[in-house]
Amino acid sequence: MRKALLVIITAVCMLFTACENISEPAEEHSKDWFAMDTFMNVTAYGDNAPGALEEVWSKISELEDMWSVTDEKSELYALNNLKNGGTGAVSTETAELISFALEIAERSGGALDPTIYPVLTAWGFTTEEKHVPPPDELSQLLELVDYRAVSVSENTVTLRDGMMLDLGAVAKGAASDAAADILRKHGVKSALLNFGGSIMTVGTKPDGTDWRIGIKNPVGDGNIGVLTLSDCAAVTSGMYERYFIDENGTLYGHIIDPKNGYPVNNELLSATIIAPEGRLCDALSTAVFVMGTERAETLWREMGKFDMLLVTNSGEVIVTEGAAERFTLTDSGKTLKVIKK
Ligand code: AMP
Ligand code: MG
């Protein structure tokens, strides 16, 4: 009798243990916003996700309020409209992002230049009246473009008279870093963030496999391939995101070559950078798009710390060896070229 009772108790205990081990699939929570001039989506899994998503949203609004170039109440607007000889106080986060943009400007030989704003406005990219500016207007405005004339000391930023900053090339990546930090702080183990082409992944998918990120065909519909990622960012720059076509059918994109003030016109159709840090990916995707394949390859060899995937107008998809391990080409019309250190 005692033996039978022991068997029953053991069986019940085993049943409870077994029940504990069968974990419920983590529930999906998703939120969409329009912020920083783009559509944003965050999909996060688990019980902590709803609270984390609320905090992510308020952080994004806070960052947008600081970094918008057009909002008259933003820190950047105040800095761009200084009347006191070019020195202004900003928050620590803004000072850090400006310093970071200046660092990548230096490393990229000025391909990324956060002082591009006066030229960008001449093209009408920040307003809705996009047009080709006269060459003499461009050459005059180019005198105001020089990242080396900007200095940051703690919370003080100094600009040369008339200069204006634009953080559009780095802000979404930086925002994705801040959002990922918040999700992790809330204990979220699995999330996918898409900030208008700036992708950030937290952990893996809830089933433990990598996230699958489609790489857009820059000149058509659909994707050209798939990247698999976990705990990593991937940011793409290309003309197809924002552009206008003039009466002659010429396409002008929103990424400007600071050397001549004109939209980039090289062999690249898109540039994707893959690295753990979103702001690095964002800064480098813009820089590499300006630099073109050859200079981008040199930068990759010099800097390391990132992988890249370049789509060219001759049908090539050029990937660094680290990216090759994570990329599957699905477009049979393109050829894959792997570059090695
Ligand atoms: P992204 O989409 O990250 O490549 O950033 C492009 C945005 O950065 C543009 O919409 C402009 O606001 C700004 N931008 C354009 N050209 C440059 C450049 N050469 N350096 C820095 N920012 C730029
Ligand atoms: Mg960028």
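Our structure is the block above this text.
Residues numbered from 1 in each chain as written. Chains lettered and ligands numbered in written order. Predicted model: local features only at pLDDT ≥ 70, side-chain atom pairs only at ≥ 80, totals over all residues. Heavy atoms only, no water.

## Concerning a nonpolar patch on the surface
Together, Tyr-243, Ile-245 and Leu-251 line one region of the surface with nonpolar side chains, adding up to about 290 Å² of accessible area. Looking at where Ile-245 falls in the secondary structure, it is placed in strand 11 (residues 243-245). (Patch = residues over 30% accessible without salt bridge, like charges linked within 9 Å, V, L, I, M, F, W, Y side chains within 5 Å. Areas by Shrake-Rupley, 256 points an atom, 1.4 Å probe, with all protein chains shown as cover. Salt bridge = Lys/Arg side-chain N within 4 Å of Asp/Glu carboxyl O. Helix = DSSP H or I, 4+ residues; strand = E, 2+ residues; numbered from the N terminus.)

## Side note on the packing of aromatic side chains
Tallied over the full model, the rule gives 8 aromatic pairs. Summarising the aromatic geometry, the rings of Trp-123 and Tyr-252 are spaced 5.4 Å apart at their centres and angled 40 degrees between planes, so their arrangement reads as tilted. Residue Trp-123 is found in the loop between helix 5 (117-122) and helix 6 (135-142), and its partner Tyr-252 is found in strand 12 (residues 251-253); the two are separated by 129 residues along the sequence. Using a relative accessible area of 0% as the deciding quantity, one classes Trp-123 as buried. (Phe/Tyr/Trp six-rings, centres within 6.5 Å; stacked < 30°, edge-to-face > 60°. Buried < 20%, exposed > 50% of the residue type's maximum accessible area, 1.4 Å probe, protein only.)

## Focus: the coordination of the magnesium ion (ligand 2)
All of the protein donors around the magnesium ion (ligand 2) are Ala-169 (O), Asp-282 (O), Asp-282 (OD) and Thr-286 (OG1); their distances to the metal are 2.1 to 2.5 Å. Written as a sequence motif, the donor residues of the magnesium ion (ligand 2) are A-x112-D-x3-T. Remark: Thr-286 and Asp-282 occur in helix 8 (residues 278-303); sequence separation between them is 4 residues, near one turn of the helix. Exposure class is identical for Asp-282 and Thr-286. Each is buried. (Donors = N, O, S within 2.8 Å, 3.2 Å for Na, K, Ca; no water.)

## Observations regarding the site of ligand 1
With respect to spatial proximity, 16 residues lie near ligand 1, and among them Asp-166, Ser-237, His-254, Ile-256 and Thr-286 are the closest. In the environment of ligand 1, an oxygen atom lies 2.5 Å from a nitrogen or oxygen atom belonging to the side chain of Asp-166. His-254 is positioned with one of its side-chain polar atoms (N or O) 2.8 Å from an oxygen atom of ligand 1. Protein chains shield 94% of the accessible area of ligand 1, which is 490 Å² for the free molecule. Each residue belonging to the shell around ligand 1 can be placed in one class, and the counts come to 8 nonpolar, 4 polar and 4 charged. (Near = heavy atom within 4 Å. Polar contact = N/O pair within 3.5 Å; in protein donor to acceptor, adjacent residues only side chain to side chain. Nonpolar A, V, L, I, M, F, W, Y, C, P; charged D, E, K, R; others polar.)

## A word on the packing of helix 2 (residues 49-67) against helix 4 (residues 92-107)
Here helix 2 crosses helix 4 at 65 degrees, and the two axes come no closer than 10 Å. It follows that helix 2 is roughly perpendicular to helix 4 by the angle criterion. The handedness of the crossing between helix 2 and helix 4 comes out as right-handed. Here helix 2 contributes Lys-59, Glu-62, Leu-63, Met-66 and Trp-67 to the contact with helix 4, which in turn contributes Glu-93, Thr-94 and Leu-97. Looking at side-chain class alone, the contact of helix 2 with helix 4 contains 4 nonpolar, 1 polar and 3 charged residues. (Axes fitted to C-alpha atoms, helices over the stretch in contact; angles between N-to-C directions. Parallel < 35°, antiparallel > 145°, perpendicular 65-115°, else oblique. Left-handed = near helix turned anticlockwise from the far one by under 90°. Contact = heavy atoms within 4.5 Å.)

That is the geometry; function is a separate question.
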